[in-house]
Amino acid sequence: MAFSCAILDAYLSILQSNKILAYSSLLFASIGLVKYVFFGLKLTNLFLQLFILSGKSLKKYGAGKGAWALVTGASDGIGKEFSLQLGKAGFNIVLVSRTESKLVDLSSEINGKYGVETKVLPVDFAENKSSDYAALAALIEPLDVTVLVNNVGQSHSIPVPFAEVDDTELTRIITINDLATLKVTKLVIPKLIAKKKGLILTMGSFGGLFPTPYLSVYSGSKSFLQHWSSALAAELKPKGVDVELVLSYLVTSAMSKVRKASTFIPNPKTFVASTLSSIGLQRGAQGRPATSTPHWSHAIFQFFVENTVGIWSDFVSNQNLQMHIAIRKRALKKAEREKKAL
Ligand SMILES: NC(=O)c1ccc[n+]([C@@H]2O[C@H](COP(=O)([O-])OP(=O)(O)OC[C@H]3O[C@@H](n4cnc5c(N)ncnc54)[C@H](OP(=O)(O)O)[C@@H]3O)[C@@H](O)[C@H]2O)c1
Ligand SMILES: *[C@@H]1O[C@H](CO)[C@@H](O)[C@H](O)[C@H]1NC(C)=O
């Protein structure tokens, strides 16, 4: 204590005798203070948004008053939960995905549990068929659609170096994740603008937030959605329509191939509940307009990385590379075991 006081005394006496040093010390201290205060505000905001503030009410979009929500990739995983929870909130639901039987089952489940109306349309978005888009347009034409959940998505079947990505897989990922999302959104937007009311949620991913080696096409397809969605959000805000990109780290599902939920890997039910209760809050996506990382553990993870090593750092890219090389090895071994078992 006495020692540090001596240092401080010496420092102060130098400051008194040297004006340049005194002013520059003040300057640096002020810069430090400003950075500290901003960081403190961001951190406070994160915690307020995660644990105190509530998001926009779904009533704003006509829940319980005959409004419809359209969900793509509706029959399984996250999309199924969006359909169930939006039905519970009082929306009628249009369910779109490939497998008609799954859609019909879910439709009667939603109908039976929540007493809302449902419509189903089997579409394989990978086929990019104009007749499918015409059918979807005709289906929603008479409906008061106010909510669109762009959930459908495909990733690589296993992590793979870009040079070895199968051409069919490459085309499917871009067609489903990007082209279909744009086309479906274009069909719905006129209705939202006419009503000056609506919500467009699009599923982004940490795979798109971080450049992700060995999932390069998926990573690029999801980061495409970030900029497209943010641009669209700015365009539609003056028209009364809310647009939000929803970011997520792993969630248990067929796509993630993770079965057991844990702190950092919630199940679809928990994930979707966190999304629908925080509309309009950025949570972990602080500083990204019209973007949200709704689940608390994903939010803290993103905030930590963004405020330390950074999202585009060599460190993170290399960690990500090593992780996906390891996952590829395990996946290839598993495939070999299964081949032998046949
Ligand atoms: N799970 C995660 O860890 C995670 C993390 C971040 C982001 N996301 C994103 O969240 C979204 C949903 O993922 P998920 O994990 O819930 O996936 P999932 O469990 O595999 O479900 C995908 C849904 O999309 C449908 N679908 C798949 N291909 C389709 C196609 N070509 N045309 C029409 N429908 C199709 C599937 O039904 P059919 O098979 O009947 O068509 C199913 O209903 C995706 O956009 C994904 O990128 C997921
Ligand atoms: C998708 O379909 C449209 C309309 O049929 C066509 O113009 C376009 O070239 C197709 N795109 C791809 C990538 O298949």
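What counts as what
Residues numbered from 1 in each chain as written. Chains lettered and ligands numbered in written order. Predicted model: local features only at pLDDT ≥ 70, side-chain atom pairs only at ≥ 80, totals over all residues. Heavy atoms only, no water. Core = buried A, V, L, I, M, F, W, Y, C linked by side-chain atoms within 4.5 Å. Buried < 20%, exposed > 50% of the residue type's maximum accessible area, 1.4 Å probe, protein only. Helix = DSSP H or I, 4+ residues; strand = E, 2+ residues; numbered from the N terminus. Contact = heavy atoms within 4.5 Å. Near = heavy atom within 4 Å. Polar contact = N/O pair within 3.5 Å; in protein donor to acceptor, adjacent residues only side chain to side chain. Nonpolar A, V, L, I, M, F, W, Y, C, P; charged D, E, K, R; others polar. Salt bridge = Lys/Arg side-chain N within 4 Å of Asp/Glu carboxyl O. Areas by Shrake-Rupley, 256 points an atom, 1.4 Å probe, with all protein chains shown as cover.

## Notes on the nonpolar core
Counting residues in each nonpolar core, the largest one holds 38 residues, and the members touching the most others are L70, V96, F125 and I200. The set of elements that each furnish at least two residues to this core consists of β1 (68–72), β2 (92–97), α5 (130–140), β4 (145–150), α6 (167–195), α7 (206–209), α8 (216–236) and β6 (241–246). In terms of residue count, α6 provides more of this core than any other element does, 6 residues in total. If near-sequence neighbours (up to four positions away) are discounted, F125 is found in contact with T72, V96, Y133, V152, T175, I176, A180 and V184. Core analysis: the next-biggest nonpolar cluster, separate from the first, contains 29 residues, Y61, L95, M203 and V272 among them.

## Observations concerning the site of ligand 2
Inspection of the region around ligand 2 gives N128, S130, L179 and K183 as its neighbouring residues. Within the side chain of N128, an N or O atom sits 2.5 Å from an oxygen atom of ligand 2. Tallied by class, the residues present in the shell around ligand 2 amount to 1 nonpolar, 2 polar and 1 charged.

## Side note on the pattern of salt bridges
Counted by the stated rule, this structure contains 9 salt bridges. When the shortest N-O distance is used, the salt bridge between D144 and K195 registers 3.6 Å. With D144 in the loop between α5 and β4 and K195 in helix α6, this residue pair connects regions lying 51 residues apart in the sequence. The residue E306 makes a salt bridge to R288 at a minimum N-O spacing of 3.8 Å. Of the two residues, E306 sits in helix α10 (residues 296–306) while R288 sits in the loop between α9 (268–276) and β7 (291–292), which places them 18 residues apart along the sequence. On the accessibility criterion, E306 (30% relative accessible area) is partly exposed. Here R288 falls in the buried class, since its relative accessible area comes to 14%. One network of salt bridges, in which partners are shared, links K56, K60 and D242.

## Notes on the site of ligand 1
Around ligand 1, a shell composed of 31 residues is seen, among which S75, T99, N151, Y218 and S253 lie nearest. Within the backbone of V123, an N or O atom sits 3.4 Å from a nitrogen atom of ligand 1. Take F125: an N or O atom from its main chain is 3.0 Å from a nitrogen atom of ligand 1. When isolated, ligand 1 has an accessible area of 890 Å², and the protein chains bury 94% of it. Taken together, the residues of the shell around ligand 1 break down into 14 nonpolar, 12 polar and 5 charged.

Nothing here speaks to function; it is all geometry.
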